[in-house]
Amino acid sequence: MQNKSWSCLGIQGLIMTSGLGIVLLSLVLSGPTVAFVPIGGGTSNHVSITGTALLKKVTETCRAVAEAAHYEFKPTGSSPEELVQACLGPTATGLVSGAKFHSALQEIYNQNGLVDRDFINSAPHHFNSEAFLEGRGLITEGVAAIKANIRKQNFQAARETLGRVLHTLQDFYSHSNWVELGYKEPYINLIRPDLPLEDLADIDTPTCKDCPSGKCTNSILPSILQERKLTSGYMGIFSAAKPTGKCSHGGATDLTSTTVPRGGISKDERHSDNVALHDVAVNVATEASLQLLQDIRLTAGDNEFLRMMGIARSSVVCFVIDTTGSMSDDIAEARAIVNEIIDSKKGTQDEPSEYILVPFNDPEFGPPIRTTDPNKMKEEVAKLTATGGGDTPEMCLSGLQLALTNAPASSNIYVFTDATAKDIALKDTIVALIRSSKSTVSFLITGSARRRRSLAASSFEDYTELALASGGQAIKVSKAQLPEATDVILDTSTSALVTVLQRARTPGKPETFPFMLDESLKNITIYITGTSISFTLTNPAGVSQSSNEATGKLGTIKTVGNLRRIRFNADIQTGTWQININSNQPYTLKVTGQSTITFIYEFVERFAGPHPGYAVLSGRPQAGQPATLMLSVMGRKGPSSMTIGNVALVTVSGPETVRNSTTTDMGNGEILATVDVVPEGEFVVSLKGTDKESSTEFQRQSTTQMSISKVNIQAVVDSSVEPGKAFKLPFSVMTKGSAGQYSISARNDRNIPMNYPSSLNLITGQYANATITITPPADTSSGTDVTLTLDAKSSSGVDSNYVVLRFSVVSKITDFVQPLCEVVKVQADECPQDVSQCGPFQWEFAATLSDGNGTGIESISLRQGSGNLTTTSLSDPIIQANYTASCCSQIVEFVAVDKVGNVGKCHHSIVRSAGSPALTLSLPLWLCLLVSAFLTRF
């Protein structure tokens, strides 16, 4: 049964086109398409199916947004930057980075692939063993969580769940006999829980014939094909047992494939005996993915759907502000800098896509305020007042924790405070969140004019260490100097920001740091923090400027507090520069600029099984073994416009250690890098290559510091959580280091109570198992995203590791029925048959919308048509919708979304063939309802 839009007039449903040019399809990881397997190697069908569907839907959505805003959507090429530029609009000035879009795609791909590792023996996750009802249950639960997350703007949680749901949905077409039954369209009932799953083979019905060779074109019994019964292959990782007469999945890892009936019906891999079936399965799985994405898009709306997909300007402004009694001057400066960012960057690509504000006091902190509206941000900052506090330390790290869990990954976060952290116990959690999110944290620390506070060296060092771990700065200035120091916020609240070099020295020593500048870099700035520092900057031609020249041949130098900011002149020379720093005090150095040449990366580990692949590490890489990274490299015209030279791990502090890697080009900018000997201590990722567009060498560096550990923690969140119900999360801890007692610490950003063991006794090389129990309050709103950080530390404190997990709190949904649309009036008799004469004439359309016994309609929006849509109150049981448009706009479609995300459509067209009269119809509602009984519900 297929789902169609309908009206009382029986008008044909809208056929939406979603064509995508070859240049955009090249964004998907390509290569030989052989199997529905996880990420890695460029041969993954799950990645190519998911990528094809995502890019088609994103392109379709971008085109719709462009049409609504009256600008042309015309990507100039295949790179993420060019797609994002076309989608965000051609008029905004400034550079556009595709990194957020690329990161969003990778998050979805990664979670899609992890289903084959984390749920290898779960039949419902793969529609194995005829687990159809359970498999659809996972899809239903996942889609509900995605929609609830988007409603709460928890886009990362939505993406992660989307990846897993798409994997399960796609596996249905590979692991069942859907295509053997002759179907070439998706089974819409899988994403429509209000429709039954029909003709399921029962447990006692044989479904397959024996295939001794294991390579048969179609092993399904003729009776099953004739009766059109639905079955799927049984999969046995540990056992060869299966019900009598049932099909197997097949393959070397499926033990049931040697039990009669032998063979398998999986279409995961393309073989000579199943080419046609495999290709149909791929095509139908792609269309099914598009259907699911369209349902999510209609629920979320175009703009929120694109935000979920990372199609947004890359700049995000996130302030964490101390609001205790001595902070009035700081708050005033934060207010001024917010206003300046908003006013100076409006209408450019540097305009922030989101604003986040987290106030903290003592003992209160938060709640986080998130908005895309710049005027709303101005209002919220204006409300801040300095009050309370009392004792010296404040809840700084609690506020920072909320910022790190609410801001998008790779955000720049600025902390304003004049006090040490009372909640210093959160430091390990903050480091884990920094490493997980790859966000950059900078502290602006001022003295107090009103009350005595102590910024002792050890406490200030905590801020310095956190800033350095993230790639930020700890800037210490007086309150009078703060307005001058906030230039760093203006610099970094920008699009396409990249780091060229970052180093730190404790203690300081005279040292020369070379770095390469390429032609694509703009607005290049150097930041040095520390005291008693002198330096000399030299360009490739040998021209120098010393630290005592405020304005020189190479740039302008500004000193405020412990910060020195060197802003390069616009006309820079490409090639190798160097800066010589002379100081015996600790200092940090950072070189940044704006460029669309950048990279994203994850540390990964290979996993085995029926579908081996690479999984992203949540914690630190393991000591005593090579480190593996997966990098996605982006250029101005896509990966083909660059040549990758060297990928290395480089220490930031102390004597510099560089560990080069061996790299494998996975295609389309994907690089697999393996470092055999990992540096001791903290390190970052360094990338060097050549930009073919300008024939200049480039250098880029990650900002987040990482280190290795002998401790390993394994934990997987397998479902959403209901409010008021206990959720048990199993986890395992192992060490390759010293045996003994290891402390266990778990924290979440919602302060939800948790129960877990405070310590585990570890034996070297063996996993110890335990469980965390977390119970969200019954009044937790649906869609709430919870970030849980789990840490294990040796008794000596020398070694530790962590995992960062996300799960969603989602209320149980019982309403799966879509809102209903009844067309009651169409008046188009004035519309001329000759469309060229349509200008002076109008037509009218009226309908009623209702949600029956459901949760109620929450929104109604116009999807197609340039007319005017009005409705009565959405709280009415039956909502009247009236639409008036020019006869030149001949199609109307609007959608109704209920409070749990079910979507219903109203669609009508007055397009008619030559000679047919215009339609004017007004029907009583009872007659519409009678007619509707014979039509397919939308």
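To be clear, the structure that these remarks concern was listed above.
Residues numbered from 1 in each chain as written. Predicted model: local features only at pLDDT ≥ 70, side-chain atom pairs only at ≥ 80, totals over all residues. Heavy atoms only, no water.

### As for the environment of Glu 185
With respect to the element layout, Glu 185 can be found in the loop between helix H7 (155–175) and helix H8 (222–227). Sequence separation of Glu 185 and Val 280 is 95 residues, and the distance between their C-alpha atoms is 9.3 Å. Residues contacting Glu 185, with those up to four places away along its chain left out, are Trp 178 and Val 284. (Helix = DSSP H or I, 4+ residues; strand = E, 2+ residues; numbered from the N terminus. Contact = heavy atoms within 4.5 Å.)

### Remarks on H7
Its 21 residues place the ends of H7 30 Å apart at the C-alpha level, agreeing with the 30 Å of an ideal helix rising 1.5 Å per residue. Here H7 lies mainly inside the structure; 19 of its 21 residues are buried. (Expected span 1.5 Å × (residues − 1). Buried < 20%, exposed > 50% of the residue type's maximum accessible area, 1.4 Å probe, protein only.)

### What to know about the side chain of Asp 691
Among the structural elements, Asp 691 can be located in strand S23 (residues 683–691). One polar contact links Asp 691 to Arg 636, side chain to side chain, over a distance of 2.4 Å. Discounting residues that sit within four places of it in the chain, Asp 691 has contacts with Ile 597, Arg 636, Ser 641, Thr 696 and Phe 698. (Polar contact = N/O pair within 3.5 Å; in protein donor to acceptor, adjacent residues only side chain to side chain.)

### Some remarks on the pairing of strand S1 (residues 316–322)
Counted residue by residue, S1 has seven buried out of seven residues, so it is predominantly covered. For S1 and strand S2 (residues 354–360), the ladder comprises seven bridges, and the chain directions are parallel. Paired with Val 317 across the two strands is Tyr 355, which belongs to S2. Two strands pair when backbone bridges link them, and S1 and strand S4 (residues 412–417) are joined in this way by five bridges, in the parallel orientation. Considered in S4, the bridge of Val 320 is made with Val 415. (Pairing = 2+ DSSP bridges.)

### Structural notes on the pairing of S2
Within S2, seven of the seven residues are buried, which leaves it mostly tucked inside the rest of the structure. Going residue by residue along S2, you find Glu 354, Ile 356, Val 358 and Phe 360 tucked away on one face and Tyr 355, Leu 357 and Pro 359 tucked away on the opposite face as well. A crossover links S1 with its parallel partner S2, the connecting element being helix H11 (residues 328–345), and its sense is right-handed. (Right-handed = clockwise from strand over helix to strand, strands pointing away.)

### With respect to helix H3 (residues 80–88)
Taken across its nine residues, H3 has seven buried, putting it largely inside the fold. Turning to H3, its buried residues are Pro 80, Glu 81, Glu 82, Leu 83, Val 84, Ala 86 and Cys 87. Just past H3, the residue Gly 89 takes up positive phi, approximately 110 degrees.

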